[in-house]
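The primary structure of each chain is shown beneath.
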Amino acid sequence: MKWGVALTTYKPPHWDQSTVFKNSRDFATEAEELGFDDLWVLEHHFTEYGLCPDAMMMAGFLLGMTQRIKVGTAIIVAPLNHPVRLLEQVSLLDQLSDGRFIAGFGRGFFPADFEVFGINPSQNHRMLQEWIDIMFSAWKNKGKVSWDTDLIRFPEIAVYPSCSTVPHPPVYVVGESPSTIEWAATLGIPLIMNVPQSTEQVRAKLDLYGEIAETNDHDPSKIDHVISAVVHVADSREEAYNDIVHNIEEWHEDAMRVAFSSDQLRNLPNYRFHWSQLQDAILKGESDASVVVRKALEISPVGTPEDCAEAFHYLKEKTGVSHFICGFEGTLDRKKILSSMRRFAEEVMPKF
């Protein structure tokens, strides 16, 4: 099993911005000392849902202040960046950290990002895939790459530095829609998923992934998929649930306020899958934040150490995934977050 820690940089009303980043630094230091395998940082713009606008820069800072733990991005919004710049940054962090950087990418879900940075959201799925194709092409050809499509053109260049990791640093993508999953599987790129889906949904995605991966000579059993989950350890399940449920609901509502609206999703052909998922939830009466959060927490590792271990055993058994990103920040209470991390490391991780 591999254990990660999410650093959300979410800003609740009772924390100022300096406190948010001090906490992130301290949580990172504690995670390394406690033996967690990796840290994961998130990119967000124009919202207190997350104060980190540059996941690559924050990852570089965290790699510089740590010695052992790996640092991943979950995610970098790839279409907001030039692909060659991403290639340079990933390779540089891989060199400086001696291979401790994990590059996680997605296409984005917040409309203001695309409006402000001048990106057409109807093309962001193509941009995500093509930008990563460009990186893989450069790594395959010893740093040399050229490109000429309707999305981007540039002459052959030699990109420096080269990577420290052979054949290239670990790359992950957020996989929600079947088309993204199929594309990732052709390249053997592992997926980042989350618990608010049911285990049946996760398993269906991984089954689809496995079929496509095998036909492209990738062994699905060797692909290191990751699942992120809300985690909180307390003396009882009731106490743990009450510590976080209200905050998680508010966090979910904050996200929905800045994400694509239902009307926007309906009018974006490359978000048809997300629109159909939202429609289905509305028809079932499951689109309200309280319902979404309650369903997610039913299978989340929240409760006593025994409850958390049981939940992770269940997730591993049902999905086959053995790499998890733990979101400990649900209490929005620094002392409780650090206590939960320590108890998890001392009382849950040894059970695996």
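The chain carries the name bacterial luciferase in an unreviewed UniProt entry, which gives Leptospira fletcheri as its organism. Quoted verbatim from the Catalytic activity (unreviewed entry) field of the UniProt record, the comment on the chain reads "a long-chain fatty aldehyde + FMNH2 + O2 = a long-chain fatty acid + hnu + FMN + H2O + 2 H(+)". Its UniProt record gives the chain the following Subunit (unreviewed entry) comment, quoted word for word: "Heterodimer of an alpha and a beta chain."

Novice: Please provide a residue-by-residue account of helix α2 (residues 55–65), values included.
Specialist: Buried residues of α2: A55, M56, M58, A59, L62 and L63, and no others. Seen from one end, α2 has its buried residues packed into an arc of 160°, which puts them on one side. Turned more than 90 degrees away from the buried face of α2, the exposed residues are M57 and G64. At the N-terminal boundary of α2, the capping side chain belongs to D54, with an oxygen 3.2 Å from the backbone nitrogen of M56.

Novice: So, the environment of Q67: which residues are in play, and what are the values?
Specialist: Following the sequence through the fold, Q67 ends up in the loop between α2 and β3 (70–73). Owing to a relative accessible area of 67%, Q67 belongs among the exposed residues under this scheme. In this structure the C-alpha to C-alpha distance between Q67 and E32, which are 35 residues apart in sequence, comes to 8.2 Å. What Q67 contacts, discounting residues up to four positions off in sequence, is E32 and R100.

Novice: A description of the environment of E200 should follow, citing residues and the corresponding values.
Specialist: Within the secondary structure, E200 sits in helix α7 (residues 199–215). Sequence spacing of E200 and K318 is 118 residues, and the spatial spacing of their C-alpha atoms is 7.7 Å. Among the polar contacts made by the side chain of E200, one reaches the side chain of T199 at a distance of 3.5 Å.

Novice: How would you sum up the packing of helix α6 (residues 178–187) against α7? Please name residues and give values.
Specialist: The description of two packed helices rests on the angle between their axes and on the distance between the axes. Closest axis-to-axis distance for the α6/α7 pair is 8 Å, and the angle between their directions is 40°. As judged from the angle between their axes, α6 and α7 are oblique. Along this stretch, α6 crosses α7, giving a crossing that reads as right-handed. Contact residues: P178, I181, E182, A184, A185 and T186 in α6; K205, L208, Y209, I212 and A213 in α7. Looking at side-chain class alone, the contact of α6 with α7 contains 8 nonpolar, 1 polar and 2 charged residues.

Quick notes on the rules
- Residues numbered from 1 in each chain as written.
- Predicted model: local features only at pLDDT ≥ 70, side-chain atom pairs only at ≥ 80, totals over all residues.
- Heavy atoms only, no water.
- UniProt positions renumbered as here; feature names shortened; annotations may be inferred.
- Buried < 20%, exposed > 50% of the residue type's maximum accessible area, 1.4 Å probe, protein only.
- Helix = DSSP H or I, 4+ residues; strand = E, 2+ residues; numbered from the N terminus.
- Arc of directions from axis to C-beta.
- Polar contact = N/O pair within 3.5 Å; in protein donor to acceptor, adjacent residues only side chain to side chain.
- Contact = heavy atoms within 4.5 Å.
- Axes fitted to C-alpha atoms, helices over the stretch in contact; angles between N-to-C directions.
- Parallel < 35°, antiparallel > 145°, perpendicular 65-115°, else oblique.
- Left-handed = near helix turned anticlockwise from the far one by under 90°.
- Nonpolar A, V, L, I, M, F, W, Y, C, P; charged D, E, K, R; others polar.

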